[in-house]
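Remarks on the overall topology
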Amino acid sequence: MKRLYFDCFAGISGDMVTGSLLDAGLDFDLLLAGTGKLELSGYKITSGKTEKCGITGTSFRVDVTAPQPARNLEQITSIITSSGLDEPVKKDACGIFRLLGEAESTVHGIPVEKVHFHEIGAVDSIIDICCAAIAINSMGIEEIHCSPVNTGSGCVKAAHGVLPVPAPATARILRGMTIYSSGTPAELTTPTGAAILKYYSKECGPLESMKTLSTGYGAGSRDFDFPNMLRVFIGETSIAPAMTDEITELEKLLNINLDHWK
């Protein structure tokens, strides 16, 4: 089984997710081809190597080149479902946005249909989420785990004013997951990053045993006194040896040949 592990020691954001997977071997041209199937304009995506505190990683950026409207969930879903993206990618991207919409709905006390996204409705967030879905589906990932999530601390300026970190929508999305703050006065985990993580991750805890195939570092935009990066491990796990051992022990215990009963 092919497993992906997100190491969120510096938090997580949408661009850090894609950057880390590019650094782990994802083909950038695949993302260009995928995002080209969306009926969106007014943006440009770039990627390149960068360094944070002596560690080399990959940055992924979506630069907005034209004003973008605030979109509601139905409009965003329509953009994704009417595109030429593969069906599993559409399903995942819409599911991630559903998590965001439900969190915003709860926080603001309005029906999800009436939520108008500002930051996460902009073209950069749509591209970030679709790129994450394209990457994970194209890399053959079967299972995703994550570390405890560093949220940061302090306050962040948003469309609704100055909000505490983690932002209310982020805190809502991360319910049930293990979170902490290292004390860094910044928003290390964004709503988009939290939603991608919550949608895909099956378990939040330490890195479990697996045969490592590749690693990657996705760089954040800000500089701190620690590497502002999301680290990923991609590897293979197998339960076959353990199952074989159990059958062998059962044969010994019963002192019979199980093949006789097949």
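Definitions and cut-offs
Residues numbered from 1 in each chain as written. Predicted model: local features only at pLDDT ≥ 70, side-chain atom pairs only at ≥ 80, totals over all residues. Heavy atoms only, no water. Salt bridge = Lys/Arg side-chain N within 4 Å of Asp/Glu carboxyl O. Helix = DSSP H or I, 4+ residues; strand = E, 2+ residues; numbered from the N terminus. Buried < 20%, exposed > 50% of the residue type's maximum accessible area, 1.4 Å probe, protein only. pLDDT = per-residue confidence, 0-100. Contact = heavy atoms within 4.5 Å. Lys, Arg positive; Asp, Glu negative; His and termini not counted. Polar contact = N/O pair within 3.5 Å; in protein donor to acceptor, adjacent residues only side chain to side chain. Phe/Tyr/Trp six-rings, centres within 6.5 Å; stacked < 30°, edge-to-face > 60°. Axes fitted to C-alpha atoms, helices over the stretch in contact; angles between N-to-C directions. Parallel < 35°, antiparallel > 145°, perpendicular 65-115°, else oblique. Left-handed = near helix turned anticlockwise from the far one by under 90°. Nonpolar A, V, L, I, M, F, W, Y, C, P; charged D, E, K, R; others polar.

1. Focus: the pattern of salt bridges
Applying the stated rule across the entire model yields 7 salt bridges. Among the salt bridges present, the one from Arg61 reaches Asp15, with a minimum N-O distance of 3.2 Å. Here Arg61 is found in strand E3 (residues 55–64), whereas its partner Asp15 is found in helix H1 (residues 14–23), with 46 residues between them in sequence. Note that Lys49 is salt-bridged to Asp23, the shortest N-O span being 2.5 Å. Here Asp23 lies in helix H1 and Lys49 lies in strand E2 (residues 43–52), a separation of 26 residues in the sequence. On the basis of relative accessibility, which here comes to 16%, the residue Asp23 falls in the buried class. Overlapping salt bridges, with partners in common, bring together Arg3, Glu143 and Glu208 in one network.

2. Some points on helix H7 (residues 191–200)
Burial analysis of H7 places 8 of its 10 residues in the buried class, which makes it a mostly covered element. Among the residues making up H7, those that are buried are Pro191, Thr192, Gly193, Ala194, Ala195, Ile196, Leu197 and Tyr200.

3. Looking at the confidence of the model for the chain
When pLDDT is averaged across the chain, the result is 89; 89% of the residues are at 70 or more. The model gives residues 250–254 a pLDDT under 50, and that stretch makes 4 contacts with residues more than four places away or in other chains.

4. Let's talk about the side chain of Asp92
Turning to its location among the elements, Asp92 is positioned in helix H4 (residues 87–108). Buried and unpaired, Asp92 has no salt bridge, with Lys91 as the nearest side chain of opposite charge at 4.3 Å. Within the structure, the side chain of Asp92 is placed 3.0 Å from the side chain of Asn137, a separation counted as a polar contact. What Asp92 contacts, discounting residues up to four positions off in sequence, is Ala133, Asn137, Tyr199 and Tyr200.

5. Regarding the packing of aromatic side chains
Tallied over the entire structure, the rule returns 3 aromatic pairs. Here Tyr5 and Phe233 contribute two aromatic rings whose centre-to-centre distance is 6.4 Å and whose plane-to-plane angle is 55°, an arrangement assigned as tilted. Of this pair, Tyr5 sits in strand E1 (residues 2–7) while Phe233 sits in strand E13 (residues 229–236), and the two are 228 residues apart along the sequence. Across the pair, exposure class does not vary: Tyr5 and Phe233 are buried alike. Centroid distance Tyr199 to Tyr200: 5.0 Å. Interplanar angle 85°. Geometry classified as edge-to-face.

6. Some remarks on the side chain of Asn228
Tracing the chain through its elements places Asn228 in the loop between strand E12 (211–219) and E13. With a relative accessible area of 5%, Asn228 lands in the buried category. Setting aside residues up to four positions removed in sequence, Asn228 forms contacts with Ala10, Met16, Lys52, Gly218, Ala219, Gly220, Ser221 and Arg222.

7. As for the packing of helix H5 (residues 123–138) against H7
Between H5 and H7, whose axes approach to 10 Å, the crossing angle comes to 30°. The orientation of H5 with respect to H7, classified from their angle, is roughly parallel. Judged by the sense of rotation from one axis to the other, the crossing of H5 with H7 is right-handed. Of H7, the residues touching H5 (which contributes Ser125, Asp128, Ile129, Ala132, Ala133, Ile136 and Asn137) are Thr192, Ile196 and Tyr200. Grouping the amino acids of the contact of H5 with H7 by side-chain chemistry returns 6 nonpolar, 3 polar and 1 charged.

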